[in-house]
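Structural description and commentary
Each chain is listed here by its residues.
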Amino acid sequence: MTRSILLGVFLCGVLGIFAGLGSAETTSATQTPVSIEERLAQAKKDRDLALRGLSPDGFEPVFAQFLALAQEGNAEAQEIVGWMYTRQLGVAFDRCEATYWRDKAARAGWTEAQARMGYNYWNGNGVIRDFDLAYLWLMTAAKNGDADAKKRAKSIAKSDIDDEQRVFDLDMKLHKWRAEDQPPAIIIRVPKIFSLKMLSIIAGLTPCHMGYDEF
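In what follows, the accompanying structure is described.

The rules behind the values
- Residues numbered from 1 in each chain as written.
- Predicted model: local features only at pLDDT ≥ 70, side-chain atom pairs only at ≥ 80, totals over all residues.
- Heavy atoms only, no water.
- Salt bridge = Lys/Arg side-chain N within 4 Å of Asp/Glu carboxyl O.
- Helix = DSSP H or I, 4+ residues; strand = E, 2+ residues; numbered from the N terminus.
- Buried < 20%, exposed > 50% of the residue type's maximum accessible area, 1.4 Å probe, protein only.

Thoughts on the pattern of salt bridges
Counted according to the given criterion, the structure contains ten salt bridges. Where E79 meets R102, a salt bridge forms, and the shortest distance between an N and an O atom there is 3.1 Å. Pair noted here: E79 is in helix α4 (residues 75-87) and R102 is in helix α5 (residues 95-107), with a separation of 23 residues, a long-range link. The residues E79 and R102 share a single accessibility class, namely buried. Residue R166 pairs with D132 through a salt bridge whose shortest N-O separation is 2.7 Å. With R166 in helix α9 (residues 164-174) and D132 in helix α7 (residues 131-143), this pair connects stretches of sequence that are 34 residues apart. Taking relative accessible area as the criterion, R166 reaches 33% and is therefore assigned partly exposed. Members of the salt-bridge network, linked through shared partners, are D94, E97 and R189.

Following this line, the structure appears as structure tokens:
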């Protein structure tokens, strides 16, 4: 009888331990960010810590978090990945990759990325310089609330396009021009050869790895 009681107590204890482990695993799984919104919030928190110099691992794992979200189609993460490429945060500088991801975000409706695509077409960052597309993207960002984008678009219209009829036609086009209907930007990658780099600049294209201090 005593032996049966002791065996029962032992079994209850063992089962209790396993139940506790299962509960702990469940709690841990619950606390791990699983939705895109939760993962994005965690990535932004980690980015802010890294910007303040409080991340022991630096920006590399932060970039990996945003890149995974960008690859899953999150427009905000795509814009941030583009920004990280231009700031060399956790990844090597590459204006073409930056433009690639910002183009995706712009076509998905992210206002900041739409403005950046306007600047990219204006400067030829990874794409052939195109003042018409620069104007259209900037005005699209302006329609979505970016006041600075509108100022820049008007400046391009006056100093770079410099043709009232052409600007009028672009404004008419804007009534039907939808970001989500635009084809992907044609990213042009020029090999790191000096002569090709100079020819690219003359043609209105800024090479992918050409830093801002090389102009």
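Having seen the model, we can carry on.
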